[in-house]
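Single-letter residue listing:
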Amino acid sequence: MAATGACVFHGAIFWRLRRSRMSSGESFKSGSIPTTRRLAVSTTSMDQVASTSAPETTSSDLFRNGRFEKNLEHATTAIVGVEDGSREDTEVRRSLKDYFEQSAELIRSGGGAPRWFSPLECGSRMNNSPLLLFLPGIDGVGLGLIKHHDGLGKIFDVWCLHIPVRDRTPFTELLKLVEKKVKDEHHHSPKRPIYLVGESLGACLALSVAARNPDIDIVLILSNPATCFSKSPLQAVISLLEFMPESLQVSLPYILNLLKGGSSRLPIASVEDVLQQIGGALSQDFAALSSNLPVLADILPIETLIWKLQMLKSASADSNSRLHAVKAETLILCSGRDQLLPSIEEGGRLRQFLPKCEVRKFSNNGHFLFLEDGVDLAATIKAASFYRRSQYLDYVSDFVPPSPAEFRKIYDDFRLLRLATSPVLLSTLEDGKITRGLAGIPEEGPVLFVGYHMLLGLELAPLVGQFFEERNIVLRGMAHPMMFAKVKEGRLPELASYDAFRMMGAVPVNARNFYKLLSSKAHVLLYPGGMREALHRKGEEYRLFWPEQSEFIRMAARFGAKIVPFGAVGEDDIGEVVFDYEDQMKVPFFRKLIEDLTGEAIRLRADMSGEVANQDVHLPGILPKLPGRFYYYFGKPFETEGRKEELRDRENAHKLYLQVKGEVENCLAYLTNKRESDPYRQLWPRLVHQAKHGFTSEIPTFEI
């Protein structure tokens, strides 16, 4: 794997505020530099900033109390990634406490006009990273992504909009400010996409900018957009705030209590009330919030809160009036426990209006989604296939391998399947010896893994996870296009259900992606049997359904790829097909359901005939069993290096194709025979072993 690099800069509040291609109204002038305790300023353009080191600092780069001062003693750099492809998880996940502390620093900077800043910890980006502009919500501070700076900074050029507390720039002027920034950046780098990440108020701003600039390549990431402000309890509070006696305008907790509908309560709300109202994110850290209530009041004093709520009303009206003109790709993030906006309902509404829109739901989260634990914006963007560095998404070159933290999250999501099946993986060494584990897997690509597709693809999660965990190898699976797009909406699962597979490197199966993967020396996973094999009928366990003619031999030979045949067994110890495709087609209801599902999916192998031709989409009826065990066996690789000319001949290619198929069948036969002598094939013996030796211990298997 190619080594990756990253730099992490640590400090209380190191920011780099750069005047790259900004108008005089957007940049800092010498007389208007805020007196933030630690503030890094660079006059270098965005594309000139180094991607793997801290910017060189001079006496004119740092300001403190209005004076020039060198002060980078707290900044440290951690380079991640070495030549052997190993990666360390040095990403810093900041807390709610950091948000309050750094917000307090920015508030002390005083007034001035809205301005752009780029967090120092976002300075480790890759080459050709797309631009990400963060548009804040009602707080306006611009630190709403503080928990995501490190992750986003590795793959984006991140800039955040800061709106000073006392600033009264109307929505129309903010719109022009952001629009000018977008146009300037597009003029400078016309082929680079511009991501607008907006939360609530910022989401309205992003929609309006995209609508006014349909010819610019803009990608929208919208968190709980305030386009539904007319349905929010916030709207009813505006008049209450405007006429509230000054004697009661003493604390933000009281205002938040009003937003809950508890206007009859005492002016000082309890900490629990505040936490419940401002969302699940803040309720996760009682100490951080209770000790920083004064900062909340400083962020949104009464007069500012009234101004922001009024701006929300106008912003919502403006963006709603422009929805018909939005052509940008849009990813909407909706919180299920948003007490300020009906976000789930609004996500569904916007999806009907926006032509290229997807929705991701966070059922257990509140309004302040980006400040909550367990939410990873960078991972969400990548998993939804919304990350690209040019005009069009390239599933191969735009792929960013999962970080250790991202992998652990995915791995944990499938831990029950892993624990229930206790997978046994065997590989073949160069001398032909079979060994437990993946030591026999070629480290250098290109490598093509060709094997049997279990029922419903049950073998995928343990297989891909074990490769990454044991060998740090990302298996780039060639997957059915239905995991990436639909012909139309209907009964098929939401695309979000496939996010984990896309995060782990799955790509739509086609000749172009196959070519690119092999040319990039990737480890590629291919199932020639495809859907026909994964949705097989009763009594067809471990039967291969491969095309009559070879589909992959000549392409593999073109790049000298090693072809590794493998078998996977165990599906018959998990469940039994009792109501298959043939049975369902005899029932009118199910026949109609199959027709509907098939009509929603992109057709594959439509020009072929036979059993592997385009398959009808259906879900077999399965009778579950007490979980048995999964077994994988990787045979000795077939070498194609130096055989390019030989294998151009169709007859020679077909001979090798049949040899590979035969070896896959041999792998299946070996496993089905050997598992009979495994004393831990059944669940109960495995549980007893784990009770004695611990659940992390390796469970023995048959003698190899």
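Residues numbered from 1 in each chain as written. Predicted model: local features only at pLDDT ≥ 70, side-chain atom pairs only at ≥ 80, totals over all residues. Heavy atoms only, no water.

1. Let's talk about the environment of Tyr99
Stage number 1. Residue placement: Tyr99 occurs in helix α1 (residues 96-107).
Stage number 2. Here Tyr99 falls in the buried class, since its relative accessible area comes to 5%.
Stage number 3. Leaving out residues up to four positions away in the same chain, Tyr99 has contacts with Asp139, Leu143, Gly144, Ile146, Ile299 and Leu371.
Stage number 4. Here Asp139 takes part through its side chain, which lies 3.1 Å from a polar atom of the side chain of Tyr99. (Helix = DSSP H or I, 4+ residues; strand = E, 2+ residues; numbered from the N terminus. Buried < 20%, exposed > 50% of the residue type's maximum accessible area, 1.4 Å probe, protein only. Contact = heavy atoms within 4.5 Å. Polar contact = N/O pair within 3.5 Å; in protein donor to acceptor, adjacent residues only side chain to side chain.)

2. Quick word on the state of the cysteines
Stage number 1. The final tally for this structure, using the stated rule, is 0 disulfides.
Stage number 2. Free of any disulfide, Cys204 has its nearest neighbouring cysteine sulfur in Cys228, separated by 8.2 Å.
Stage number 3. Residue Cys334 stays outside any disulfide, its sulfur separated by 8.4 Å from that of Cys357, the closest cysteine. (Disulfide = S-S within 2.5 Å.)

3. Remarks on the sheet that holds strand β16 (residues 507-508)
Stage number 1. Read from one edge to the other, the open sheet built from 8 strands follows the order β13-β12-β21-β18-β14-β17-β15-β16, with strand pairing classed as mixed. The open sheet has two edge strands with one neighbour each: β13 (434-436) and β16.
Stage number 2. As paired strands, strand β15 (residues 475-479) and strand β17 (residues 523-526) are joined by 3 bridges and run parallel to one another. Looking at the pairing, Arg476 lines up with Val524 of β17.
Stage number 3. Seen against the sheet, helix α16 (residues 460-471) touches β12 (424-428), β14 (447-451), β15, β17, β18 (562-569) and β21 (631-634) and runs at an angle of roughly 55° to β21.
Stage number 4. Of the strands in this sheet, β12, β13, β14, β18 and β21 are in contact with helix α24 (residues 650-674), which crosses β18 at around 35°. (Pairing = 2+ DSSP bridges. Axes fitted to C-alpha atoms, helices over the stretch in contact; angles between N-to-C directions.)

4. Quick word on a negative patch on the surface
Stage number 1. Taken together, Glu430, Asp431, Glu639 and Glu641 make up a surface patch of like negative charges.
Stage number 2. With respect to the helices, strands and loops of the structure, Glu639 is situated in the loop between β21 and α23 (644-648).
Stage number 3. Glu639 gets classed as partly exposed once you look at its relative accessible area, which sits at 41%. (Patch = residues over 30% accessible without salt bridge, like charges linked within 9 Å, V, L, I, M, F, W, Y side chains within 5 Å. Areas by Shrake-Rupley, 256 points an atom, 1.4 Å probe, with all protein chains shown as cover. Salt bridge = Lys/Arg side-chain N within 4 Å of Asp/Glu carboxyl O. Lys, Arg positive; Asp, Glu negative; His and termini not counted. Charge placed at Lys NZ, Arg CZ, Asp CG, Glu CD.)

5. Observations regarding helix α18 (residues 511-519)
Stage number 1. Taken as a whole, α18 has its buried residues at Asn513, Phe514, Leu517 and Leu518. Along the axis of α18, the buried positions cluster into a sector of 130°, meaning they face one direction only. What points out from α18, more than 90 degrees from its buried face, is the exposed set Ala511 and Arg512.
Stage number 2. Measuring from the side-chain oxygen of the N-cap residue of α18 to the backbone nitrogen of Arg512 gives 3.2 Å; that N-cap residue is Asn510.
Stage number 3. Where α18 terminates, the next one or two residues include Lys521, which has phi positive at roughly 60°. (Arc of directions from axis to C-beta.)

6. Considerations on the side chain of Thr380
Stage number 1. Relative to the helices and strands, Thr380 resides in helix α13 (residues 377-383).
Stage number 2. On the basis of relative accessible area, Thr380 is assigned to the buried category, the value being 12%.
Stage number 3. With residues near it in sequence (within four places) discarded, Thr380 still touches Leu331, Leu333, Arg360 and Phe362.

7. Structural notes on the pairing of β14
Stage number 1. For β14, a buried count of 5 out of 5 residues is recorded, marking the element as mostly surrounded by other parts of the structure.
Stage number 2. Residue alternation in β14 divides its side chains into two sets, Val447, Phe449 and Gly451 and Leu448 and Val450, and both sets are buried.
Stage number 3. Examined bridge by bridge, β14 and β17 share 4 bridges and lie parallel to one another. Bridge pairing in β17 links Val447 to His523.
Stage number 4. In this sheet, β18 lies alongside β14 in parallel orientation, the contact comprising 5 bridges. In the sheet register, Leu448 faces β18, and the bridge partner there is Ile563.

8. Side note on the side chain of Glu372
Stage number 1. Position of Glu372 relative to the elements: it lies in the loop between β11 (357-362) and α13.
Stage number 2. For Glu372, which is buried and forms no salt bridge, the nearest opposite charge comes from Lys147, at a distance of 8.1 Å.
Stage number 3. Within the structure, Glu372 has its side chain in polar contact with the backbone nitrogen of Gly366 (distance 2.5 Å).

9. Let's talk about empty space enclosed by the protein
Stage number 1. Here the structure, examined in full by the defined rule, presents 11 cavities of 30 Å³ or more.
Stage number 2. For the second largest cavity, the calculated volume is near 170 Å³.
Stage number 3. What lines the second largest cavity is a set of 16 residues, among which Lys382, Ser385, Asp398, Phe399 and Arg502 lie closest to the centre.
Stage number 4. Each residue belonging to the lining of the second largest cavity can be placed in one class, and the counts come to 10 nonpolar, 1 polar and 5 charged. (1 Å grid on protein atoms, 1.4 Å probe; cavity = no way out; pocket = protein on both sides within 12 Å on 5 of 7 lines; lining within 4 Å. Points joined across faces, edges and corners; volume = space filled by probe spheres on them. Nonpolar A, V, L, I, M, F, W, Y, C, P; charged D, E, K, R; others polar.)

10. Brief notes about the nonpolar core
The tendency in soluble globular proteins is for nonpolar side chains to be buried as a group.
Stage number 1. Grouped together as the largest cluster of nonpolar side chains are 90 residues, with contacts concentrated most on Leu220 and Ile221.
Stage number 2. Considering every element that reaches this core, the biggest residue donor is helix α4 (residues 201-212), with 9 residues.
Stage number 3. Residues from two domains meet in this core; each of domain 1 (96-230 + 313-384) and domain 2 (232-260 + 267-305) gives at least three.
Stage number 4. Setting aside chain neighbours within four positions, we find Leu220 in contact with Leu196, Ala206, Leu207, Ala210, Val326, Ala328, Glu329, Thr330 and Leu331.
Stage number 5. Counting 68 residues, the second-largest nonpolar core is a separate cluster that includes Val424, Ile434, Leu525 and Ala568. (Core = buried A, V, L, I, M, F, W, Y, C linked by side-chain atoms within 4.5 Å. Domains from an automatic or database assignment.)

11. Let's talk about the packing of aromatic side chains
Stage number 1. A complete count under the given rule lists 21 aromatic pairs for this structure.
Stage number 2. Aromatic pair Phe156 and Tyr387: ring centres 5.2 Å apart, planes at 90°, arrangement edge-to-face. In this pair, Phe156 sits in the loop between α2 (149-153) and β7 (157-162) while Tyr387 sits in the loop between α13 and α14 (404-413), placing the two residues 231 residues apart along the sequence. Across this residue pair, the class does not change: Phe156 and Tyr387 are buried.
Stage number 3. Seen from their ring centres, Tyr395 and Phe484 are 5.1 Å apart, and the 75° between their planes marks the pair as edge-to-face. Here Phe484 lies in the loop between β15 and α17 (499-503) and Tyr395 lies in the loop between α13 and α14, a separation of 89 residues in the sequence.
Stage number 4. When its relative accessible area of 11% is taken as the criterion, Phe484 is described as buried. (Phe/Tyr/Trp six-rings, centres within 6.5 Å; stacked < 30°, edge-to-face > 60°.)

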